[in-house]
Amino acid sequence: MTTSRPPLPPFDLEGALAKVQAAEDAWNTRDPRTVALAYTEDCQWRNRDLFITGREEIIEFLTAKWERELDYVLRKSLWGFRENRMAVRFQYEWHDTSGQWFRSYGNELWQFDEHGFMSRREASINDVAIGKSDRRYFGRRPDDERGAGHDIPLQ
């Protein structure tokens, strides 16, 4: 097992932006085991109305999520940071088995341990039905849209 996951807290702007981009990249793999490696073994989550504890529950949750939320594509944006905590905005698009597309809007609060693993994640999320023609995310973020200055639009 990796003993640290840089960048480590306390975060500076460059480290915070790198952490957010790494999270976006991992979630866009839609691989629950890859995503779970960013969290402590006993990480605590609140995701909408669910409370999840530990990597194994995270893997179970994400497996079920991506069986429901098809062709999931995510964008994350740093909102703010201090020491070992971050606030992140995100949007993701997906469709259900009937073909209805959604854009999900949310905010996350993250807390990291001294080794750079996330120990707490709180996510508030709202889903809005959209038409297929309203989609704006079609895969991994292009290299020229990474880093500072590439926020996600509000609507």
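The structure this text deals with has already been given above.
Conventions adopted
Residues numbered from 1 in each chain as written. Predicted model: local features only at pLDDT ≥ 70, side-chain atom pairs only at ≥ 80, totals over all residues. Heavy atoms only, no water. Pairing = 2+ DSSP bridges. Helix = DSSP H or I, 4+ residues; strand = E, 2+ residues; numbered from the N terminus. Axes fitted to C-alpha atoms, helices over the stretch in contact; angles between N-to-C directions. Contact = heavy atoms within 4.5 Å. Salt bridge = Lys/Arg side-chain N within 4 Å of Asp/Glu carboxyl O. Buried < 20%, exposed > 50% of the residue type's maximum accessible area, 1.4 Å probe, protein only. 1 Å grid on protein atoms, 1.4 Å probe; cavity = no way out; pocket = protein on both sides within 12 Å on 5 of 7 lines; lining within 4 Å. Points joined across faces, edges and corners; volume = space filled by probe spheres on them. Nonpolar A, V, L, I, M, F, W, Y, C, P; charged D, E, K, R; others polar. Polar contact = N/O pair within 3.5 Å; in protein donor to acceptor, adjacent residues only side chain to side chain.

This part is about the sheet that holds strand 1 (residues 39-47). Ordered by their spatial adjacency, six strands build an open sheet running 2-1-6-5-4-3, and the pairing between neighbours is mixed. In this open sheet, the two strands that pair with only one neighbour each are strand 2 (50-53) and strand 3 (70-82). Across the sheet, the mean angle separating the axes of adjacent strands is 20° when strand polarity is ignored. Bridge count for strand 4 (residues 85-95) against strand 5 (residues 101-112) is 11 bridges, and the pairing is antiparallel. Residue pairing for strand 5: Arg85 is matched across the bridge by Gln111. On top of the sheet, helix 1 (residues 13-27) reaches strand 1, strand 3, strand 4, strand 5 and strand 6 (118-130); it is set at about 165° to strand 3, its chief contact. Packed on one face of the sheet, helix 3 (residues 55-68) meets strand 1, strand 2, strand 3 and strand 4 and runs near 50° to strand 1.

It is worth spelling out the pairing of strand 3 at this point. Note that strand 3 and strand 4 share 10 bridges and pair antiparallel. The residue of strand 4 that forms the bridge with Leu70 is His95. A loop of two residues connects strand 3 with strand 4, the two strands running antiparallel in sequence, and Glu83 in this loop sits at a positive phi of about 50°.

What follows deals with the pattern of salt bridges. Under the defined criterion, the tally for this structure stands at 13 salt bridges. Close ionic contact of Arg103 with Glu93 constitutes a salt bridge, the shortest N to O distance being 2.9 Å. In this pair, Arg103 sits in strand 5 while Glu93 sits in strand 4, placing the two residues 10 residues apart along the sequence. By the burial criterion, Arg103 is buried, and Glu93 matches it. Via salt bridges that share partners, Asp25, Arg140, Asp143 and Arg146 belong to a single interconnected network.

What the largest pocket holds in volume is close to 210 Å³. What lines the largest pocket is Gly80, Phe81, Arg82, Arg85, Met86, Ala87, Leu109, Trp110, Gln111, Arg120 and Glu122. At the level of elements, strand 3, strand 4, strand 5 and strand 6 are the ones that each hand at least two residues to the lining of the largest pocket. Split by residue class, the lining of the largest pocket holds five nonpolar, two polar and four charged.

A word on the side chain of Gln21. Position of Gln21 among the secondary structure elements: in helix 1. With relative accessibility at 15%, the residue Gln21 sits in the buried group. At 3.2 Å, the side chain of Gln21 and the side chain of Glu24 are in polar contact. Beyond its immediate sequence surroundings of up to four residues, Gln21 is in contact with Arg141, Arg146 and Gly147.

Worth remembering: the numbers are spatial, not functional.
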